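Observations on the three-dimensional arrangement
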Amino acid sequence: YPTNDDTLAAGEVVTIDETLFTGVKRSTEAYDQNLLGVVSTKPALLIGGRERDGEGSTLRPVALSGRVPVKVSIENGPIRKGDALTSSYTPGVAMRATKAGPILGIALTDYDGEEIGNIIAFVKTGYYNGANLAEILTEPQEGDFGRAVLGQFISQKEELAQSVELSE
């Protein structure tokens, strides 16, 4: 894909660049609505994009689907196998998705380091519906289900009140 950012590196999360016809740029916001994929390290197959067609200053191979290394942070907590991943506030870096929104894929390996690290992820863009009830209710007692869910919503009142996304 064409890009105007010559510093885009393998493992970075990219989004659609509105200034280019078919270009990409480094993701710079959490839950980016225009998530596209991850800059690939060793693509098994390159489809199209062999010439820039006058767009961008360089080309980058972007994984739109499949298993690739991706840069991650623990901004939303440690990442475990099976966690949904989305873009973070750190440019080009993914984090664990904890609320409804766009995702770039699923973690295939764990990560709980302090610095920005790398994991293997299966890239499959889509939409995550939010927290898993199993995470909310660690040990639900009979009759406590409703209270536990209500407690979770109350604890997130500030965040939910400031939200502009109806799905949240």
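The coordinates are above.
Quick look at the structure, then.

1. A word on the overall build of the chain
In terms of regular secondary structure, the chain is built from three helices and eleven strands. Relative to its full complement of 168 residues, the chain shows a buried share of 39%. Taken as a whole, the chain presents about 10100 Å² of accessible surface, with 52% of it coming from carbon and sulfur.

2. Here's the deal with the environment of Asn-118
Among the secondary structure elements, Asn-118 is positioned in strand β11 (residues 117-128). Overall, Asn-118 belongs to the exposed group, its relative accessible area being 52%. Sequence separation of Asn-118 and Val-72 is 46 residues, and the distance between their C-alpha atoms is 5.7 Å. Ignoring anything within four residues of it in the chain, the contact list for Asn-118 reads Val-70, Lys-71, Val-72 and Tyr-111.

3. Describing the pairing of strand β10 (residues 101-107)
Within β10, six of the seven residues are buried, which leaves the element mostly enclosed by the surrounding structure. Across two bridges, strand β8 (residues 84-87) lies against β10 in antiparallel orientation. If you follow Leu-85 over to β10, its bridge partner there is Gly-105. Relative to β11, β10 runs antiparallel, the two sharing six bridges. Residue pairing across strands places Gly-101 opposite Tyr-128, the latter belonging to β11.

4. Side note on the pairing of β11
The pairing of strand β7 (residues 65-72) with β11 spans eight bridges and is classified as antiparallel. Within β11, the position partnered with Pro-69 by the bridge is Ile-120.

5. Re unusual backbone geometry
Residue Tyr-31 is not a glycine yet carries a positive backbone phi of 55°. With relative accessibility at 9%, the residue Tyr-31 sits in the buried group.

6. Notes on the packing of aromatic side chains
Per the stated rule, a full pass over the model turns up zero aromatic pairs. Note that Lys-99 overlies the ring of Tyr-31, its terminal NZ or CZ placed 4.9 Å from the centroid.

7. Overview of the pattern of salt bridges
Counting across every chain of the model gives four salt bridges. The partner of Arg-26 in a salt bridge is Asp-5, and the shortest N-O contact between them spans 2.6 Å. One end of the pair, Arg-26, is in strand β3 (residues 24-26); the other, Asp-5, is in the loop between β1 (2-3) and β2 (13-16), and 21 residues separate them in sequence. Taken individually, Arg-26 and Asp-5 each receive the classification buried, so the pair is uniform in this respect. For Arg-26, the salt bridge identified is with Glu-12, shortest N-O distance 2.5 Å. Separated by 14 residues along the polypeptide, Arg-26 in strand β3 and Glu-12 in the loop between β1 and β2 bring together distant segments of the chain.

Rules used in this analysis
- Residues numbered from 1 in each chain as written.
- Predicted model: local features only at pLDDT ≥ 70, side-chain atom pairs only at ≥ 80, totals over all residues.
- Heavy atoms only, no water.
- Helix = DSSP H or I, 4+ residues; strand = E, 2+ residues; numbered from the N terminus.
- Buried < 20%, exposed > 50% of the residue type's maximum accessible area, 1.4 Å probe, protein only.
- Areas by Shrake-Rupley, 256 points an atom, 1.4 Å probe, with all protein chains shown as cover.
- Contact = heavy atoms within 4.5 Å.
- Pairing = 2+ DSSP bridges.
- Phe/Tyr/Trp six-rings, centres within 6.5 Å; stacked < 30°, edge-to-face > 60°.
- Lys NZ or Arg CZ within 6 Å of the ring centre and 35° of its normal.
- Salt bridge = Lys/Arg side-chain N within 4 Å of Asp/Glu carboxyl O.

Take it as geometry only, folks, not as evidence of what the structure does.
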